[in-house]
Amino acid sequence: MSDSDSNGGPERGTNAVGQAISAVALVGALAVGFWAISKESASDQGGAPEAAACSGGVAEKGDEAAGRVSGAQLCSALNQRELASWLGTPGERAKSASGGSESMGTGKNEVHSPSARVEFDTYTVELHASYDRYPVDARTTAYIGRDVHAQQVLRRPAVFYSTQTMGIRFRLDGSDAESAPGTPAEALSVAFDAKNRGGSYELVVWRNHGGFPDRTVLLDVAEHVLPVVPGFDAPATPGTETGGGGAQATASS
């Protein structure tokens, strides 16, 4: 057997080189393929981070029959993938997203108030729906806020006003908790319908580290979020509830 045969020969060496080249080409093709898939996936998502999943706020008995939205539905409308961009902080990922429901009074005087909250590093946003008989106007809102400004939003009467969150301090010794003014916030109350027959949606935004947010941010969020709320474009009928106000106090946990 010749030396070339004992060492695999020129032909075997050529095959080995060919296999090596093929392997490199295959790895390269796979790398390009994975890169293309990841790029396509990012493109499909608009380059924005995935929103945190909503929790809580399931519909209560009688909500659907009464034409009320649930906290879960409000959370779904608020917790959109582009919310951080509308807030002016593109790329931020929502740390939490949740829905809930509260009510005041009993029987015919019960006022239902589903809500949702989405929290980012920079901002926290809340969306409420108040099923009462109060119209949205500057006089009503002045009782709970300041720097009140009325205007039309989405062809409905609306009111901007400044407010603040409520801070709560729990004592380790078991004594009563203390409350104090918290972070400045901006709120926007929008009537359920153009005729302003009672009830409202309310958006509240605050900076987690202090300072008033720009109202244009609030308006941008409202114009994208409210039309997604189920029943927003449906003709509204006056609620049967008589208590509560169109705009609600906001508290940070």
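In this report, the structure presented in the accompanying data block is examined. (Residues numbered from 1 in each chain as written. Predicted model: local features only at pLDDT ≥ 70, side-chain atom pairs only at ≥ 80, totals over all residues. Heavy atoms only, no water.)

1. Quick notes on the state of the cysteines
Turning to step 1, where the next piece is worked out: One pass over the full model with this rule turns up 1 disulfide.
Turning to step 2, where the next piece is worked out: Here C54 engages in a disulfide with C75; their sulfurs sit 2.1 Å apart. Torsion about the S-S bond of the C54 and C75 cystine: about -90 degrees, corresponding to left-handed handedness. With C54 in the loop between α2 (9-44) and α3 (63-66) and C75 in helix α4 (residues 71-78), this residue pair connects regions lying 21 residues apart in the sequence.
Turning to step 3, where the next piece is worked out: Under the relative-accessibility criterion, C54 is labelled partly exposed at 34%. (Disulfide = S-S within 2.5 Å. Helix = DSSP H or I, 4+ residues; strand = E, 2+ residues; numbered from the N terminus. Buried < 20%, exposed > 50% of the residue type's maximum accessible area, 1.4 Å probe, protein only.)

2. Some words on the side chain of E202
Turning to step 1, where the next piece is worked out: Residue placement: E202 occurs in strand β7 (residues 200-207).
Turning to step 2, where the next piece is worked out: For the buried residue E202, which engages in no salt bridge, the nearest side chain bearing the opposite charge is R117, 11 Å off.
Turning to step 3, where the next piece is worked out: Among the polar contacts made by the side chain of E202, one reaches the side chain of Y161 at a distance of 2.5 Å. (Lys, Arg positive; Asp, Glu negative; His and termini not counted. Salt bridge = Lys/Arg side-chain N within 4 Å of Asp/Glu carboxyl O. Polar contact = N/O pair within 3.5 Å; in protein donor to acceptor, adjacent residues only side chain to side chain.)

3. Let's talk about helix α7 (residues 215-225)
Turning to step 1, where the next piece is worked out: All buried positions along α7 are accounted for by R215, V217, L218, V221, A222 and V225. Each buried residue of α7 lies within a common arc of 155 degrees when the element is viewed along its axis, so the set occupies one face.
Turning to step 2, where the next piece is worked out: Two or three places before T216, at the opening of α7, D214 has a side-chain oxygen 2.8 Å from that residue's backbone nitrogen. (Arc of directions from axis to C-beta.)

4. Examining the pattern of salt bridges
Turning to step 1, where the next piece is worked out: Across all of its chains, the model carries 7 salt bridges by this definition.
Turning to step 2, where the next piece is worked out: With a shortest N-O distance of 3.4 Å, R215 and D147 are connected by a salt bridge. Residue R215 is located in helix α7, and its partner D147 is located in strand β4 (residues 146-153); the two are separated by 68 residues in the primary sequence.
Turning to step 3, where the next piece is worked out: Residue R215 is classed as buried on the basis of its relative accessible area, which comes to 18%.
Turning to step 4, where the next piece is worked out: The exposed category is assigned to D147, whose relative accessible area is 54%.
Turning to step 5, where the next piece is worked out: A salt bridge links R197 to D193; the shortest N-O distance between them is 3.0 Å.
Turning to step 6, where the next piece is worked out: Here D193 falls in the buried class, since its relative accessible area comes to 8%.
Turning to step 7, where the next piece is worked out: One network of salt bridges, with partners in common, ties together K95, E119 and D121.

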